[in-house]
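Chain residues, written in single-letter form:
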Amino acid sequence: MSTASPASRSLSFRTRDSRWRGALAVLQEMRREPGVTRAAVAQRLGLSSGSATEITARLRELALLAETPAAASGRGRPTTVLGPHPDGPVVVAVDLRQEDYRCAVAALDGRPEVLEAEAHADRAAGRAVGTVARAVRHACDRYGDRVRFVSVAVAATVRRGRVAQSAALGWDAVDLGALVPHPGVPLLVGNDATLAGVAESRCGAAAGTAVALHVTIEVGVGGTLIVDGRPVEGMTGAGGEFGHLPFGDRGLRCPCGARGCWDLAVDGRAIARHLGDPPPRDPRTYARAALGRVAEDAAVRSAVNRVAGDFASGLAGLVNALDPGVVTLGGLAEPLRAAAAPRFATALRDGLMRFRRADPPPVVAAALGEDGALHGAVAVALDRFLTEEGLAAWASARAGRG
């Protein structure tokens, strides 16, 4: 039996391409299907039993996976179930929304576990970021050098990895660098709707679809076009700001600075305006309450129908322009559609180009619900970790402990 150290074995991954690729491929299969067996991975990757055993043994020594006996299933050699190592790498993920935040941790299986969740006591950028930074520090203190990335999903326009502005939070340019307590841990920042779309395309309602459109309503409209599992983010990363398309009333100025934004036509602010109520401090909570009163309140029903129609018309425009294979609806978008289904369906069909009406893309509810942004933040961090550089850095850190 080999007595090579984890450091020397990691060197063999870096210098012998076939074994390196095999190690990464095994970890990606474990990530793609938590609970997969070693035998199934070997079959999918075309590995011999001996190669699969050797690769997983090396990955165990590097604390990158763990193996547990699989349940007996008839004749044949026993196999094992692959899962994250209990001392293995993790990423810290944050979902920073208008009214609250959640801080979670995830191992290589990509499943976020929420550690802290709290409403903002103060949405002012400095105080809100300070509060979230404390939660991230607690997570980093708990997991130590196992933390490889801090990945943040934020309700804001993100440009070149930085918050450019947030109409939802009332922020302009904000530096989130303070969220990382240790300079050696990389920080990733992404728009929450974009990251939710990534998650839906990887493991949600759009999985297996080459081109998917994700649209969500929270405070305004967000979303992204996903092509082969990757978001189309534009030149600087600020793409997907669907809520700031001029699909709304040109007489209304959006907090973003533009006039006529679709945001103002489809969320709780629009419902309140149609009902003659003052602008709600929390449009998301206001909209949820209104959707719950549709059945017994004719005025609310009329307002919701109007908003659903405006949403469906804009959605048809996106379908015409982007040609997705499926549309996933997140946040309040699906409850809005359900509360005014006939109006939504009519407005969507009327807005589609004639050739699309016979075979429109399916419009389905997002599968991951409110956890979509967290799953997406984890996914992009694991994409960065599961590279030659990421695994080599982990192997070096493991060797340094010894």
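Residues numbered from 1 in each chain as written. Predicted model: local features only at pLDDT ≥ 70, side-chain atom pairs only at ≥ 80, totals over all residues. Heavy atoms only, no water.

What follows is about the overall build of the protein. Looking only at helices and strands, one finds 14 helices and 14 strands in the protein. In terms of overall dimensions, the protein is globule-like: its C-alpha atoms have a radius of gyration of 23 Å, near the 21 Å expected for 402 residues. Taking all contacts inside the protein whose residues are at least 6 apart in sequence as the whole, residues at least 24 apart take part in 65%. About 18,100 Å² of surface is accessible on the protein, with carbon and sulfur atoms providing 51% of the total. (Helix = DSSP H or I, 4+ residues; strand = E, 2+ residues; numbered from the N terminus. Rg over C-alpha atoms; globule rule 2.2 N^0.38 Å. Contact = heavy atoms within 4.5 Å. Areas by Shrake-Rupley, 256 points an atom, 1.4 Å probe, with all protein chains shown as cover.)

Axis separation between helix α10 (residues 298-322) and helix α12 (residues 341-351) bottoms out at 7 Å; the angle between their running directions is 30°. Taken together, the axis directions place α10 and α12 in an arrangement best described as roughly parallel. α12 is crossed by α10, and the crossing has right-handed handedness. Residue-level contacts link Asn305, Ala308, Gly309, Phe311, Ala312, Ser313, Leu315, Ala316 and Asn320 of α10 to Arg343, Phe344, Ala347, Leu348 and Gly351 of α12. For the contact of α10 with α12, the residue count by class is eight nonpolar, five polar and one charged. (Axes fitted to C-alpha atoms, helices over the stretch in contact; angles between N-to-C directions. Parallel < 35°, antiparallel > 145°, perpendicular 65-115°, else oblique. Left-handed = near helix turned anticlockwise from the far one by under 90°. Nonpolar A, V, L, I, M, F, W, Y, C, P; charged D, E, K, R; others polar.)

Next up on the list: helix α4 (residues 49-61). Given a rise of 1.5 Å per residue, 13 residues ought to cover 18 Å, and the 19 Å separating the end C-alpha atoms of α4 matches this to within 8%. Within α4, the full set of buried residues consists of Ala52, Ile55, Thr56, Ala57, Arg58 and Leu59. One or two residues past the end of α4 sits alanine 63, with phi positive at roughly 55°. (Expected span 1.5 Å × (residues − 1). Buried < 20%, exposed > 50% of the residue type's maximum accessible area, 1.4 Å probe, protein only.)

The next point concerns the packing of aromatic side chains. In the structure shown here, the tally under the stated rule is three aromatic pairs. Seen in terms of ring centroids, phenylalanine 247 and tryptophan 262 are 5.3 Å apart; in terms of plane orientation they differ by 70°. Their pairing is edge-to-face. Of the two residues, phenylalanine 247 is situated in the loop between β12 (230-231) and α7 (263-266) and tryptophan 262 in the loop between β12 and α7; the sequence distance between them amounts to 15 residues. In this structure phenylalanine 247 comes out as partly exposed when scored by relative accessible area, which is 39%. (Phe/Tyr/Trp six-rings, centres within 6.5 Å; stacked < 30°, edge-to-face > 60°.)

What follows concerns the state of the cysteines. For the structure shown, the criterion picks out zero disulfides. This cysteine, cysteine 103, is not joined by any disulfide, and cysteine 140 carries the nearest cysteine sulfur, 7.8 Å off. As a non-bridged cysteine, cysteine 256 has cysteine 254 as the owner of its nearest cysteine sulfur, 3.7 Å distant. A relative accessible area of 21% places cysteine 256 in the partly exposed class. (Disulfide = S-S within 2.5 Å.)

So, about the pattern of salt bridges. Scanning all chains against the criterion turns up 23 salt bridges. With a shortest N-O distance of 2.8 Å, arginine 58 and glutamate 54 are connected by a salt bridge. Linking arginine 58 with glutamate 54, this pair stays in helix α4, spanning four residues, or about one helical turn. Close ionic contact of aspartate 122 with arginine 127 constitutes a salt bridge, the shortest N to O distance being 3.7 Å. (Salt bridge = Lys/Arg side-chain N within 4 Å of Asp/Glu carboxyl O.)

To continue, consider the packing of helix α8 (residues 268-275) against α10. In contact at an axis separation of 9 Å, α8 and α10 are set at 130° when each is read in the N-to-C sense. Judged by the inter-axis angle, α8 sits oblique to α10. Two packed elements cross with a definite hand, and for α8 against α10 that hand is right-handed. Between α8, through Ala270, Ile271, His274 and Leu275, and α10, the contact on the second element is made entirely by Ala299, Val300, Ala303, Val304, Arg306 and Val307. Partitioned by chemical class, the residues of the contact of α8 with α10 number eight nonpolar, one polar and one charged.

Another aspect to go through is the pairing of strand β8 (residues 162-165). Taken residue by residue, a regular strand's side chains alternate between the two faces of the sheet. As judged from the three bridges shared by strand β7 (residues 157-159) and β8, these two strands associate in the antiparallel manner. Within β8, the residue paired with threonine 157 across the bridge is glutamine 165. Two successive antiparallel strands, β7 and β8, enclose a turn made up of two residues, where arginine 160 displays a positive phi of approximately 50°. (Pairing = 2+ DSSP bridges.)

All right, on to the environment of alanine 119 then. For alanine 119, the location among the structural elements is in strand β5 (residues 113-119). What makes alanine 119 exposed here is its relative accessible area of 51%. Separated by 17 residues in sequence, alanine 119 and arginine 102 place their C-alpha atoms 8.9 Å apart. Discounting residues that sit within four places of it in the chain, alanine 119 has contacts with Glu99 and Asp100.

Moving on, we get to the sheet that holds strand β4 (residues 100-106). Within a sheet, adjacent strands bond to each other through the backbone by hydrogen bonds, running parallel or antiparallel. In spatial order, the strands read β5-β4-β3-β6-β9; together these five strands make up an open sheet with mixed pairing. Strands with a single pairing partner mark the edges of an open sheet, and in this sheet they are β5 and β9 (187-191). Mean inter-strand twist for the sheet, computed between neighbouring axes without regard to direction, equals 15°. Looking at chain direction, strand β3 (residues 90-96) and β4 are connected through six bridges and run antiparallel. Considered in β4, the bridge of aspartate 95 is made with arginine 102. On the sheet, helix α6 (residues 192-203) packs against β3, β6 (147-154) and β9 and is oriented at approximately 95° with respect to β9.

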